[in-house]
Amino acid sequence: MAENILKTPVGELRWAKVLTPDSKFKEEGEYSIEAIFEKDEVNDLIAEIDEEADMQLRVSKKSKLIASVPYADTDDGRVRFKFKQKARYKDLVFQIGVYDNDNREWDKETKIGNGSKGRIAFSLYGWDFPGKGVGVTAQLKAVQVIEHVAFDVSGPSDFGFEAVEGNASSRNEVDLPF
């Protein structure tokens, strides 16, 4: 049976770890990204995810509750989706396709910053973990960046700081009295 690939509308991309897998918490590495959408734009996707979770619950022999779905409402009335994909599983190695608005392969050196706009291709993976419940994971397949915001490490001016008089320094320029 062919894998059913779903696509999101254009949304606001956040915390993109799609160019290289993050292995901070998972030794095998994991690709991940979040995207925020207007609720009315993703009602069909939410219904499909809920249908998959309900199906997992119906076929489960032990679980009686839905433990996890890959979306949640935000405080401002939008919906945040989380997508992830293991980088390695047993003998399999996964890569995420990342493309620009013209469907050209994304430059791996150009990090994707929060606030970029894009679409995500994913598949649904239903699971049953006895004692925890059933759930659905949105397995990341590809990202198309429509509007790029450069990844930027915040500096002191981003927080409203300016240089002021004082004697605090993190540099080793302090004169020692001996």
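Structure: above.
Residues numbered from 1 in each chain as written. Predicted model: local features only at pLDDT ≥ 70, side-chain atom pairs only at ≥ 80, totals over all residues. Heavy atoms only, no water.

Asks: If you had to explain unusual backbone geometry to someone new, which residues and values would you point to?
Replies: The phi dihedral of Trp15 falls on the positive side, at around 55°, and the residue is not glycine. Along the polypeptide, Trp15 turns up in strand 2 (residues 11–22). According to the relative accessible area criterion, Trp15 is partly exposed, its value standing at 48%. In this structure, Asn103 is a non-glycine residue whose phi angle is positive, near 65°. Relative to the helices and strands, Asn103 resides in the loop between strand 9 (97–99) and strand 10 (117–129). With a relative accessible area of 56%, Asn103 lands in the exposed category. (Helix = DSSP H or I, 4+ residues; strand = E, 2+ residues; numbered from the N terminus. Buried < 20%, exposed > 50% of the residue type's maximum accessible area, 1.4 Å probe, protein only.)

Asks: Kindly report on the packing of aromatic side chains, identifying the contributing residues and their values.
Replies: This model, assessed by the stated rule, comprises four aromatic pairs. Centroid distance Phe37 to Phe81: 5.6 Å. Interplanar angle 80°. Geometry classified as edge-to-face. Taken together, the residues span a long stretch of sequence, with Phe37 in strand 3 (residues 30–38) and Phe81 in strand 6 (residues 78–86) at a distance of 44 residues. This pair shows no difference in class: Phe37 is buried, exactly as Phe81 is. On the basis of an interplanar angle of 15° and a centroid distance of 6.0 Å, the ring pair of Phe81 and Phe83 is categorised as stacked. According to the relative accessible area criterion, Phe81 is buried, its value standing at 0%. Ring pairing ties together the aromatic residues Phe37, Tyr71, Phe81, Phe83 and Phe122, which thus form one cluster. (Phe/Tyr/Trp six-rings, centres within 6.5 Å; stacked < 30°, edge-to-face > 60°.)

Asks: Hey, could you go over the side chain of Thr8 for me, with residue numbers and the actual values?
Replies: Along the chain, Thr8 turns up in the loop between strand 1 (6–7) and strand 2. The contact partners of Thr8, leaving out residues within four places of it in the chain, are Phe37, Leu45, Phe83, Arg119, Ile120 and Phe122. (Contact = heavy atoms within 4.5 Å.)

Asks: Can you explain the pairing of strand 2? Please cite residues and give values.
Replies: Inspection of the sheet shows strand 2 paired to strand 10 by two bridges, in the antiparallel sense. When the bridges of strand 10 are listed, Gly11 appears paired with Gly118. (Pairing = 2+ DSSP bridges.)

Asks: Can you break down the pattern of salt bridges residue by residue, with the values?
Replies: Should the charged atoms of two oppositely charged side chains come close, the side chains can pair. Tallied over the full model, the rule gives nine salt bridges. Linking Glu30 and Lys26 is a salt bridge whose minimum nitrogen-to-oxygen distance equals 3.4 Å. The class for Glu30 is buried, based on a relative accessible area of 17%. Judged by relative accessible area, which is 31%, Lys26 ranks as partly exposed. (Salt bridge = Lys/Arg side-chain N within 4 Å of Asp/Glu carboxyl O.)

Asks: So what about a negative patch on the surface? Which residues, and what values?
Replies: Taken together, the side chains of Asp44, Glu48, Glu51 and Asp54 define an acidic patch exposed on the protein surface. One can find Glu48 in helix 1 (residues 43–59). Overall, the relative accessible area of 31% leaves Glu48 in the partly exposed class. (Patch = residues over 30% accessible without salt bridge, like charges linked within 9 Å, V, L, I, M, F, W, Y side chains within 5 Å. Areas by Shrake-Rupley, 256 points an atom, 1.4 Å probe, with all protein chains shown as cover. Lys, Arg positive; Asp, Glu negative; His and termini not counted. Charge placed at Lys NZ, Arg CZ, Asp CG, Glu CD.)

Asks: Let's hear about the environment of Leu13: which residues, and what values?
Replies: Looking at where Leu13 falls in the secondary structure, it is placed in strand 2. Exposure remark for Leu13: the relative accessible area of 1% places this residue in the buried category. In this structure, the C-alpha to C-alpha distance between Leu13 and Phe81, residues 68 residues apart in sequence, is 9.8 Å. Apart from residues no more than four positions distant in its own chain, Leu13 is found in contact with Ile33, Glu34, Ala35, Ile112, Gly113, Asn114, Gly115, Ser116, Lys117, Gly118, Ile120 and Val143.

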